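Examining the three-dimensional arrangement
Given next are the chains, with one letter for each unit.
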Amino acid sequence: MQIAKTLDELRNARQQFNEPIGFVPTMGFLHPGHLSLVKRVRLECSSVVVSIFINPAQFGPQEDLVDYPRDMGKDLALLKACGVDLVWAPKPETMYPGGYQTWVEVDRVSKPLEGARRPRHFRGVATVVAKLFNAVQPQKAYFGQKDAQQAVVIRQMVKDLNFPIDIVVCPLIREIDGLAMSSRNVYLNSNQRQAASVLYRALKKGQSSYESGERNAKKLREVIIKEIDAEPLTHRDYVSVAHPDTLVELDIIDQDALMSMAVYIGKTCLIDNFLLRNGNWHTGQLTGEPEG
Ligand code: AMP
């Protein structure tokens, strides 16, 4: 496995690779959710490139950039074991040299949900992903359904800017009690960690309500909210039942829908979602005990 830290190292390494090249952008502190994307690339592509870059541009001033968890040594060992060909770990000054002033803004789909709480977040995400795509030039790039809005924003950017890259969105990987795996779960203490499974339970309630015939989106939001509010350690940011491509809130669910939420437990904001597409629910995959 090669490790590139400069653009020259990346470009030299990239030239030797067979195509298609599959790419997984990450911020490191890898868990089985990230590794599921990497394993999928290994199956579907000739070469696997993973980036590890904690992107300052997607953190708000009050957010956890400084405290964001990191463990490069463990990440590299995990990626090597998955058969990754190249890890691209640029320095912040490579991605944002002094005097930096170019940004990618994806308009409407960046505004609701996560975008309402984190106003410049998706500008930071779209910009860094565009730059990573330009550097790595993959044929396919893999993202997790965990960050449903991020996947929508990236798809829109790729379409609008004519990137010749296929975007593949992979299932959400969960802990055994249903909590969506996230690098930020380490912030939870044991009481908070126990409380955190309420997000999954609440989505399940919403799903069962739909299965019993409820099609009124407001009613589904109410079912989900009731379950979350029953857990005293939670503080809701949003609960949404929206169109999965436009992210516009629905009145009636007549076809596809994205049920999503952001919930604070203490200072940690957790997100989760279930996706309804063509009559099938995509609720993610429960794993066994987490690694490590
Ligand atoms: P991050 O390091 O949080 O920026 O995540 C890197 C990629 O891994 C993104 O495409 C995420 O959506 C994806 N990812 C993170 N957590 C999970 C998970 N639990 N299941 C599936 N994909 C995930």
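In case you missed it, the structure is sitting above this.
In this report, the structure presented in the accompanying data block is examined. (Residues numbered from 1 in each chain as written. Predicted model: local features only at pLDDT ≥ 70, side-chain atom pairs only at ≥ 80, totals over all residues. Heavy atoms only, no water.)

**Remarks on the site of the ligand**
Put simply, the rule reads: Proximity is defined per residue: any heavy atom of the residue falling within 4 Å of a molecule or strand makes that residue near it. The term polar contact refers here to a pair of N or O atoms within 3.5 Å; inside protein, the definition further demands a hydrogen-donor-capable atom paired with an acceptor-capable atom, and it admits residues adjacent in sequence only when both atoms are side-chain atoms. The protein chains shown are the only cover counted for residues, whose accessible areas, like all others here, come from Shrake-Rupley with a 1.4 Å probe. When residue character is reported, Ala, Val, Leu, Ile, Met, Phe, Trp, Tyr, Cys and Pro are called nonpolar, Asp, Glu, Lys and Arg charged, and the others, Gly included, polar.
Surveying the vicinity of the ligand reveals 16 residues, the closest of which are Met27, His34, Asp147, Ile173 and Met181. Interatomic distance of 2.6 Å between a side-chain N/O atom of Asp147 and an oxygen atom of the ligand. Within the complex, 93% of the 480 Å² of free accessible area of the ligand lies under protein. Tallied by class, the residues present in the shell around the ligand amount to eight nonpolar, six polar and two charged.

**Looking at the side chain of Ser51**
Put simply, the rule reads: Per the convention used, a helix needs a DSSP run of H or I reaching at least four residues, while a strand needs a run of E reaching at least two, with both numbered from the N terminus. Accessible area is worked out with a 1.4 Å probe on protein chains only. A residue is then buried under 20% of its type maximum, exposed over 50%, and partly exposed in between. Any pair of residues with heavy atoms lying within 4.5 Å of one another is described as a contacting pair.
Considering the arrangement of structural elements, one finds Ser51 in strand β3 (residues 47-52). Look at Ser51 and you get buried, because its relative accessible area is 0%. The residues contacting Ser51, other than those within four sequence positions of it, are Phe23, Val24, Pro25, Thr26, Trp88 and Leu132.

**Re the sheet that holds strand β10 (residues 268-277)**
Strand pairing in a sheet relies on backbone hydrogen bonds, with the paired strands running either antiparallel or parallel. To be explicit about the condition: Whether two strands pair comes down to DSSP finding at least two bridges between them. An axis is simply a line fitted to the C-alpha atoms; with a helix, the fit covers only the stretch in contact. Between two such axes, the angle follows the N-to-C directions and lies from 0 to 180 degrees.
Spatial ordering of the open sheet is given by β8-β9-β10-β11, a layout of four strands whose pairing is antiparallel. With partners counted over all chains shown, the strands left at the sheet margins are β8 (234-242) and β11 (280-282), one partner each. Between one strand and the next, the sheet's axes are offset by a mean angle of 15°, whatever the strand orientation. Two strands pair when backbone bridges link them, and β8 and strand β9 (residues 257-265) are joined in this way by eight bridges, in the antiparallel orientation. In the strand pairing of β9, His235 is matched with Tyr264. Helix α10 (residues 217-229) contacts β8 and β9 of the sheet and is inclined by roughly 160° relative to β8.

**Brief notes about the environment of Glu105**
Within the element layout of this structure, Glu105 appears in the loop between α4 (92-95) and α5 (114-117). Relative accessible area serves as the criterion here: at 61%, Glu105 is assigned to the exposed category. Counting along the chain gives 177 residues from Glu105 to His282, while the straight-line C-alpha distance between them is 28 Å.

**Structural notes on the packing of aromatic side chains**
The cut-off we apply is this: Stacked, edge-to-face and tilted are the three classes for Phe, Tyr and Trp ring pairs, Trp counted by its six-membered ring, which pair at centre distances within 6.5 Å; planes under 30 degrees apart are stacked, over 60 edge-to-face, the rest tilted. Note on criteria: charge over ring means Lys NZ or Arg CZ within 6 Å of the ring centre, with the direction from the centre no more than 35 degrees off the ring normal.
Per the counting criterion, the structure on display carries 11 aromatic pairs. Summarising the aromatic geometry, the rings of Phe59 and Tyr68 are spaced 5.7 Å apart at their centres and angled 80° between planes, so their arrangement reads as edge-to-face. Of the residues examined, Phe59 reaches a relative accessible area of 10% and is grouped as buried. Through successive ring pairs, a cluster of aromatic residues spans Phe23, Phe133, Phe143 and Phe163. The ring centre of Tyr96 lies 6.0 Å from the NZ or CZ of Lys131, which sits over that ring. Over the aromatic face of Tyr210 sits the side chain of Arg215, whose NZ or CZ is 3.7 Å from the ring centroid.

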